[in-house]
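# Report on the structure
Residue strings, one per chain:
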Amino acid sequence: MPPTATTITTATASLVDLEVETVRTDAIQSFLKQETIFVELGTADGLAGRGYSYTIGTGGRAVLSMLRETLLPAVIGLDSRAVERVWRAAFDSSRATTVGPITSLALAALDTALWDLRCLRDAQPLWLAAGGFRDTVPLYDTEGGWLHLGTDELVENALRAKAQGWSGVKLKVGRPSAREDAERVGAVRDAVGPGMAVMVDANQSLTLASARARTALLEPFDLTWYEEPMPAEDVTAHAELVRSTSVPIAVGESIYSVGQFKEYLQRGAAGIVQTDVARIGGITPWLKVAHLAEAYNVTVCPHFLMELHVSLTAAIPNGGFVEHIPQLGAITTSSLRIVDGHAVVPDEPGLGIAWDLDAIEDRRVA
Ligand SMILES: [Mg+2]
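All of these numbers come straight from a predicted model, not from anything done at the bench.

### Things to note about the overall build of the protein chain
Counting its regular elements, the protein chain contains 12 helices and 13 strands. Rg of the C-alpha trace for the protein chain: 20 Å, near the compact-globule value of 21 Å for 366 residues, within the 12% margin. Dimensions of the protein chain along its principal axes, counting C-alpha atoms only, are 65 × 40 × 35 Å. Residues counted as buried form 57% of the 366 residues belonging to the protein chain. Across the protein chain, contacts joining residues at least 24 apart in sequence account for 72% of those joining residues at least 6 apart. For the protein chain, the accessible area works out to roughly 14,100 Å², and carbon and sulfur atoms hold 52% of it. One finds the centroid of the 30 positive side-chain charges in the protein chain at a distance of 4 Å from the centroid of its 45 negative side-chain charges.

Structure below.
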């Protein structure tokens, strides 16, 4: 096809390190720093779109290299409006490394830039361009529930979240003793009372046998979900756990392809899906998982990246809670609008994130 105004003529990537805004620990890892991988796409008529992806501390340079050497050269000359075609061209250029985390994270930086372009060109905010179902979404807070915090701190943070109008709080679990986990969760449930959502997250740290025992101990606390009890690759174990507990089982932040979500849903192995727009490869596949989950009557409560997930969760009919973890403060001039514990969708054309380009350049490492 001959080039037109909407043809992609430039595609660049960069890496920006962000310090963590809060000390964050769970059963298997710490959030060391946010490696933020940016992609900027330019079209023949001079429009520019910016997208991004992230890691929690390692692998960022591999993602950057995948973009620069393989994915970005594959999309030069394509029509930026043909989002599916561009995404597929990038995916096809990396066949031998898909599906996999590095490639999915790279695809996400490219795809979110494409969606930024699409929304800017159409003068539409993301929540409308992606579907447009509601204009506010309930938030729950994760920042007060990290694993290193003592029980008193967990209780104090949960009470503060309740006073601020949050819809729920999430607590990390996976202390060596199951009894200790239960005491910590029980103390928070007693403090906040029955009306507030309480979620727990084991970050893939358990075996099926221990997950069965631990979910049984936590059943009296009316949990909204038990997140990532076991390694995400083990769909069979999750299917068995779902059948042995009344606590909804949530998975998704460690799943990197639409096909793996399909298997979870088909086998009834997840009560809630937590698709992460960066780890699944961008907005294009994120929406496919969301619509697939809708067909199975399953709610989507995405992982992290609230700056994108508020708009995406608002775009679909089966959206649930969005996770509140602020991490872009140093490089943005906008912040999420929160009213009574609900995020209000950004209404500006584009992704709805006002980047501070000087601050990004100051923190650029590659
Ligand atoms: Mg989690």
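Read on for the rest.
### A short note on helix α1 (residues 60–75)
With 16 residues, α1 should cover 22 Å at 1.5 Å per step; its first-to-last C-alpha distance of 21 Å lies within 8% of that length. Among the residues making up α1, those that are buried are G60, V63, L64, M66, L67, L71, L72 and V75. Where the residues of α1 are buried, they touch β1 (8–19), β2 (33–43), β3 (48–55), α2 (83–92) and α3 (101–122). Downstream of α1 by a residue or two, G77 has a phi angle that is positive, lying close to 95°.

### Side note on the nonpolar core
By size, the foremost hydrophobic cluster in this structure holds 115 residues, and its most contacted members are L41, L67, L126, Y226 and W286. Ranked by the residues each element gives to this core, the list is headed by α3, at 11 residues. Among the domains, domain 1 (8–123 + 358–362) and domain 2 (128–356) are the pair contributing at least three residues each to this core. The contact partners of L41, leaving out residues within four places of it in the chain, are I8, T10, A11, L47, A48, G49, L110, A113, L114 and L117.

### Brief notes about the packing of aromatic side chains
Under the counting rule described, the total for this entry stands at 9 aromatic pairs. Seen in terms of ring centroids, Y52 and W355 are 5.2 Å apart; in terms of plane orientation they differ by 80°. Their pairing is edge-to-face. Of the two residues, Y52 sits in strand β3 while W355 sits in the loop between β13 (342–344) and α12 (357–362), which places them 303 residues apart along the sequence. Each member of the pair, Y52 as well as W355, carries the same accessibility label: buried. Between the aromatic rings of W87 and F91, the centroid separation amounts to 5.3 Å while the plane-to-plane angle is 15°, which identifies the pairing as stacked. Linking W87 with F91, this pair stays in helix α2, spanning 4 residues, or about one helical turn. Aromatic rings pair up to connect F31, Y54 and F304 into one cluster.

### Some words on the coordination of the magnesium ion
Ligation of the magnesium ion by protein atoms is provided by D201 (OD), E227 (OE) and E253 (OE), these donors lying 2.0 to 2.2 Å from the ion. Mapped onto the polypeptide sequence, the residues donating to the magnesium ion form the spacing pattern D-x25-E-x25-E. Remark: E253 occurs in the loop between β8 (249–251) and α9 (258–266) and E227 occurs in strand β7 (residues 225–227); sequence separation between them is 26 residues. Residue class for E227 comes out buried when judged on its relative accessible area of 1%.

Rules used in this analysis
Residues numbered from 1 in each chain as written. Predicted model: local features only at pLDDT ≥ 70, side-chain atom pairs only at ≥ 80, totals over all residues. Heavy atoms only, no water. Helix = DSSP H or I, 4+ residues; strand = E, 2+ residues; numbered from the N terminus. Rg over C-alpha atoms; globule rule 2.2 N^0.38 Å. Buried < 20%, exposed > 50% of the residue type's maximum accessible area, 1.4 Å probe, protein only. Contact = heavy atoms within 4.5 Å. Areas by Shrake-Rupley, 256 points an atom, 1.4 Å probe, with all protein chains shown as cover. Lys, Arg positive; Asp, Glu negative; His and termini not counted. Charge placed at Lys NZ, Arg CZ, Asp CG, Glu CD. Expected span 1.5 Å × (residues − 1). Core = buried A, V, L, I, M, F, W, Y, C linked by side-chain atoms within 4.5 Å. Domains from an automatic or database assignment. Phe/Tyr/Trp six-rings, centres within 6.5 Å; stacked < 30°, edge-to-face > 60°. Donors = N, O, S within 2.8 Å, 3.2 Å for Na, K, Ca; no water.

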